[in-house]
Amino acid sequence: MQKFNDKKFFCFGLGYSAKYLAQQLLKDGWHVIGTCRDIQQKKSLEAEGFEMYIFNGHEPMENAHEILSGVTHLLSSVPTDNITADPVLEYHFDDISDILPLKWVGYLSTTGVYGDRKGAMVDETSPLEPTGQRGCRRVTAEARWMDLWWDNELPVHCFRLASIYGHGKSAIDAVKSLRAKRINKAGQIFSRIHVADIAQILYASMKNPHAGRIYNCCDDNPAPAEEVIAYACEMLGYAPLPLIDFDDSNLSEMAKSFYLDNKLVSNQRIKKELGINLLWPSYKDGLSNIINSIKY
């Protein structure tokens, strides 16, 4: 990846996906600052070389205006909660609006904003028809971030992520920990994205900003979840887990909610506008890499 000079990156919510990008930026000589929810996380991330502050989503970050001063690139990966559509903007809309000189802003959203299309294709121009309150809050959060572009001319970009996987968070890990189930729901497909590909999409956008742009982030191979679990079993040398009918699955309400949406997601914009060649275009590529690079 091409290096930037004298760049200051700030991330609200330096979690699984954002940290992957932040680690690359740190290697490339960036000043990387982030937030986390508690002291234990703060100490752990500081040990890895990040400058960290506490933001728990329920009260403002202390000294935010001073901390954000001079930030050139800002990312938020903080999800919605049951109280507000976007905790970051709830407390720090004005702080972010005042940052100079901001060259790029990114917000990590979800393809869940499209809702259920009964297997039909969606792209970034498709209407937003979310299923459930969580999806509705995401739509509201996206709109609020875009207000920073419309009203304040900040270079905001929105990234709608499909289901995220990678090292430590994959079907391989679910099978090994005995958490995996092969759920059978006729016609159901899910889109996915490897965390390394999220990082390269974000970095490409940082190098080539298009203020106000929205990007779907997913691979080329949407597939049923049970197919992915079966492949993970095969890669581990395990017997395939039995298929369980969705109605008999005893999934949590949260897990069941993901099965309410069924759609194909287009990823053509990241390829055409950002020049992305996916590192892991299929879950088979990604899972094979995980099992080949980690000693289980």
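Because the structure is a prediction, the values reported are computed rather than measured.

Give me the sheet that holds strand β5 (residues 104-110): which residues, what numbers.
Strand order in this open sheet of 7 strands is β3-β2-β1-β4-β5-β7-β11, and the pairing throughout is parallel. Of all the strands in the sheet, the pair left with one neighbour each is β3 (51-54) and β11 (214-217). Each strand of the sheet is rotated relative to its neighbour by a mean of 20 degrees, with strand direction disregarded. As judged from the 6 bridges shared by β5 and strand β7 (residues 156-161), these two strands associate in the parallel manner. By the bridge assignment for β7, Gly106 is matched with His157.

Lay out the pattern of salt bridges with the relevant residues and their values.
Following the criterion strictly, the structure yields 9 salt bridges and no others. Among the ionic pairs, Asp116 bridges to Lys118, the shortest N-O distance being 3.5 Å. Assessed through its relative accessible area of 27%, Asp116 is described here as partly exposed. Of the charged contacts in the structure, one is a salt bridge between Asp261 and Lys263, with a shortest N-O distance of 3.9 Å.

Outline unusual backbone geometry, listing residues and values.
Between Leu100 and the following residue, Pro101, the backbone shows a cis peptide bond with an omega angle of -5 degrees. Inspection of the secondary structure assignment puts Pro101 in the loop between α4 (87-97) and β5. Non-glycine residue Glu153 carries a positive phi angle of around 60 degrees. Among the secondary structure elements, Glu153 is positioned in the loop between α5 (132-152) and β7. Owing to a relative accessible area of 69%, Glu153 belongs among the exposed residues under this scheme.

Describe in detail α5, supporting the description with residues and values.
The end-to-end C-alpha distance of α5 is 30 Å, a good match for the 30 Å that 21 residues give at a rise of 1.5 Å each. At Met146, α5 shows its maximal kink, close to 25 degrees. Restricting attention to buried positions, one finds in α5 the residues Gly135, Arg138, Ala141, Glu142, Trp145, Met146 and Leu148. Buried positions along α5 lie against β4 (73-76), α4, β5, β7 and β11. Note on α5: the residue one or two positions beyond its end, Glu153, has a positive phi of about 60 degrees.

Any chance you could break down the packing of aromatic side chains for me, citing the residues and the numbers?
Following the criterion strictly, the structure yields 11 aromatic pairs and no others. A centroid spacing of 6.1 Å and a plane angle of 45 degrees characterise the contact between Trp104 and Phe159, whose relative ring orientation is tilted. On the criterion of sequence distance, the pair formed by Trp104 in strand β5 and Phe159 in strand β7 is long-range, its members being 55 residues apart. Given a relative accessible area of 0%, Trp104 falls into the buried group. For Phe159, a relative accessible area of 0% puts it in the buried group. Ring centres of Phe159 and Tyr215 lie 5.7 Å apart, and the angle between their planes is 20 degrees; on these two criteria the pair is classed as stacked. Taken together, the positions of Phe159 in strand β7 and Tyr215 in strand β11 put the pair 56 residues apart, joining distant regions of the chain. Of the two residues, Phe159 and Tyr215, both sit in the buried class. Among the aromatic residues, those joined into a ring-pair cluster are Phe10, Phe12, Phe55 and Tyr91.

Before we move on, could you go through the nonpolar core and cite the residues and values that matter?
Grouped together as the largest cluster of nonpolar side chains are 38 residues, with contacts concentrated most on Phe9, Leu21, Leu75 and Phe159. Elements supplying a minimum of two residues to this core: β1 (8-12), α1 (16-27), β2 (31-36), β5, β7, α7 (195-207), β11 and α10 (268-274). If one sorts the elements of this core by residue count, α7 sits on top with 7 residues. Judged by nonpolar contacts, the second largest core, of 28 residues, contains Phe10, Ile67, Leu68 and Ile99.

Rules and cut-offs
Residues numbered from 1 in each chain as written. Predicted model: local features only at pLDDT ≥ 70, side-chain atom pairs only at ≥ 80, totals over all residues. Heavy atoms only, no water. Pairing = 2+ DSSP bridges. Helix = DSSP H or I, 4+ residues; strand = E, 2+ residues; numbered from the N terminus. Axes fitted to C-alpha atoms, helices over the stretch in contact; angles between N-to-C directions. Salt bridge = Lys/Arg side-chain N within 4 Å of Asp/Glu carboxyl O. Buried < 20%, exposed > 50% of the residue type's maximum accessible area, 1.4 Å probe, protein only. Expected span 1.5 Å × (residues − 1). Bend = angle between axes of the 7 residues up to and from the residue. Contact = heavy atoms within 4.5 Å. Phe/Tyr/Trp six-rings, centres within 6.5 Å; stacked < 30°, edge-to-face > 60°. Core = buried A, V, L, I, M, F, W, Y, C linked by side-chain atoms within 4.5 Å.

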